[in-house]
Each structure stands twice: as C-alpha cells, then as structure tokens.
Amino acid sequence: MLDRTATKFSHVKPEDTQFVSGGLRDFFLYRDLGIAEATHGKVIAHLVKANMAPETGTGWHRHEADFQIVIMTKGWARFMYEDKETLVQAGDVIHQRPGIRHYLFDYSPDMEYLEIVSPADFKSIDVEPVCEVPAPTPWK
C-alpha cells in the first residue's frame, strides 16, 4: 500500500522560484521545483539552463544516484556517455543509468532541461577520462 503521508502535495508556479546560481555547475542556473522538500529528500527536480558559453564543460564524472533523467525542454546539448557522443535536443529524454561516466561538453545558448534525480542529495564524482572530447561550438 502506498504511504501517502511520506510525501506532501506541491504546486510551484514559474513566479514562485527564480533561476539562481550556486548549483552543481557555475556555468548553469538552477530553478528549484519544490520536489526535494515535498518528498523529504527522496527526489529532486530542477530546471537547469545555460548561463555562460561552454568552455571546459562538466568534466568526466558519474553520479551516485539510484535514478536520473534529463528532459531537454529548449535548445540542445552534446554529451559523451562513456565513449559515445550523444546529441540531446528539445523534446529528447535521457535516462542516465546509475554510475554511467559522462561529460556534458557543448550546449546552445538557449539550452534548458528538466532534471529529476533520486535521492535529492546525490553526489557527483570526478572520474578518469574515458576518451577524447570534441571542442564546444563557440557562441556568436
């Protein structure tokens, strides 16, 4: 039976929270959607958008998480997942299996995505490079 007392109802409107810096990456802005609080840390959901042109990207890393999806809502981003380059465009959905080594190295100025991760306090762990990473596309 589902325990409905373990989480609470949440309704966040666009004007309720702002995009702010201080998230996992300095070159992105993050907008909290209230899910971590509503689920008592079981899940986090936030919108992420480009703040600065890609220069070095995220670097090779993996996450200590049980579940993670990225839903690209605007623009595009290029990732390396292990040794495979992957273009993720608006409307695409990526399920990042636990522990997959990846590198977000390029994105459009209008890039924005919804990220949902469990648990909310997931960790990002730097890893040794898997392969060469292409250069990012300069912003005009």
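Since this is a predicted model, take the numbers as computed values, not measurements.

Asker: I'd like to hear about the overall build of the protein, residue by residue, with values.
Answerer: Of the regular secondary structure elements, the protein holds one helix and 10 strands. The helix and strand sequence of the protein, counted from the amino end, reads β-α-β-β-β-β-β-β-β-β-β. For 140 residues, the compact-globule estimate of 2.2 N^0.38 gives 14 Å, and the protein sits close to it at 16 Å. Once the C-alpha set of the protein is aligned to its principal axes, its extents read approximately 50 × 30 × 25 Å. The burial tally for the protein puts 40% of its 140 residues in the buried class. Within the protein, residue pairs in contact and separated by at least 24 positions form 70% of the contacts whose partners lie at least 6 positions apart. Positive and negative side-chain charges of the protein, numbering 15 and 21 respectively, have mean locations separated by a distance of 4 Å.

Asker: Which residues make up empty space enclosed by the protein, and what are the values?
Answerer: Following the criterion strictly, the structure yields two cavities of 30 Å³ or more and no others. What the largest cavity holds in volume is close to 140 Å³. Lining the largest cavity are 15 residues, with R25, H61, H63, Y113 and E115 sitting closest to its centre. Of all the elements in the fold, those that place two or more residues in the lining of the largest cavity are β1 (28-32), β3 (61-64), β4 (67-74), β8 (102-107) and β9 (112-118). Of the residues that constitute the lining of the largest cavity, the class distribution is seven nonpolar, six polar and two charged.

Asker: Tell me what's going on with the environment of T137, and back it up with residues and numbers.
Answerer: Mapping T137 onto the fold places it in the segment after β10 (123-126). Considered as a pair, T137 and A53 are 84 residues apart in the sequence and their alpha carbons are 8.8 Å apart. Excluding anything up to four places from it in sequence, T137 contacts P54, W76, R78 and D106. Here the side chain of T137 touches D106 through a polar contact of 2.7 Å, side chain to side chain.

Asker: How would you summarise the UniProt feature "domain: Cupin type-2" (unreviewed entry) in the protein if you had to cite specific residues and measurements?
Answerer: Residues annotated by UniProt as "domain: Cupin type-2" (unreviewed entry) correspond here to residues 51-104. Helix makes up 0% of residues 51-104 and strand 56%, whereas the separation of the span's terminal C-alpha atoms amounts to 14 Å.

Asker: Before we move on, can you summarise the nonpolar core with the specific residues and values?
Answerer: Counting 17 residues, the largest nonpolar core has F28, A77, L104, Y107, M111 and Y113 as the members making the most contacts within it. Among the elements that make up this core, the one with the highest residue count is strand β5 (residues 76-81) (three residues). Apart from the residues lying within four places of it in its own chain, the contact partners of L104 are F28, G57, T58, A77, R78, F79 and Y113. I44, A65, A120 and F122 belong to the second largest nonpolar core, which has five residues in total.

Asker: Could you give an account of the sheet that holds strand β2 (residues 44-50), with specific residues and numbers?
Answerer: Strand pairing in a sheet relies on backbone hydrogen bonds, with the paired strands running either antiparallel or parallel. Ordered by their spatial adjacency, five strands build an open sheet running β1-β2-β9-β4-β7, and the pairing between neighbours is antiparallel. Two strands lie at the open edges of the sheet, namely β1 and β7 (93-95), each paired on one side alone. When strand polarity is set aside, the average angle formed by the axes of neighbouring strands in this sheet is 20 degrees.

The rules behind each value
- Residues numbered from 1 in each chain as written.
- Predicted model: local features only at pLDDT ≥ 70, side-chain atom pairs only at ≥ 80, totals over all residues.
- Heavy atoms only, no water.
- Helix = DSSP H or I, 4+ residues; strand = E, 2+ residues; numbered from the N terminus.
- Rg over C-alpha atoms; globule rule 2.2 N^0.38 Å.
- Buried < 20%, exposed > 50% of the residue type's maximum accessible area, 1.4 Å probe, protein only.
- Contact = heavy atoms within 4.5 Å.
- Lys, Arg positive; Asp, Glu negative; His and termini not counted.
- Charge placed at Lys NZ, Arg CZ, Asp CG, Glu CD.
- 1 Å grid on protein atoms, 1.4 Å probe; cavity = no way out; pocket = protein on both sides within 12 Å on 5 of 7 lines; lining within 4 Å.
- Points joined across faces, edges and corners; volume = space filled by probe spheres on them.
- Nonpolar A, V, L, I, M, F, W, Y, C, P; charged D, E, K, R; others polar.
- Polar contact = N/O pair within 3.5 Å; in protein donor to acceptor, adjacent residues only side chain to side chain.
- UniProt positions renumbered as here; feature names shortened; annotations may be inferred.
- Core = buried A, V, L, I, M, F, W, Y, C linked by side-chain atoms within 4.5 Å.
- Pairing = 2+ DSSP bridges.
- Axes fitted to C-alpha atoms, helices over the stretch in contact; angles between N-to-C directions.

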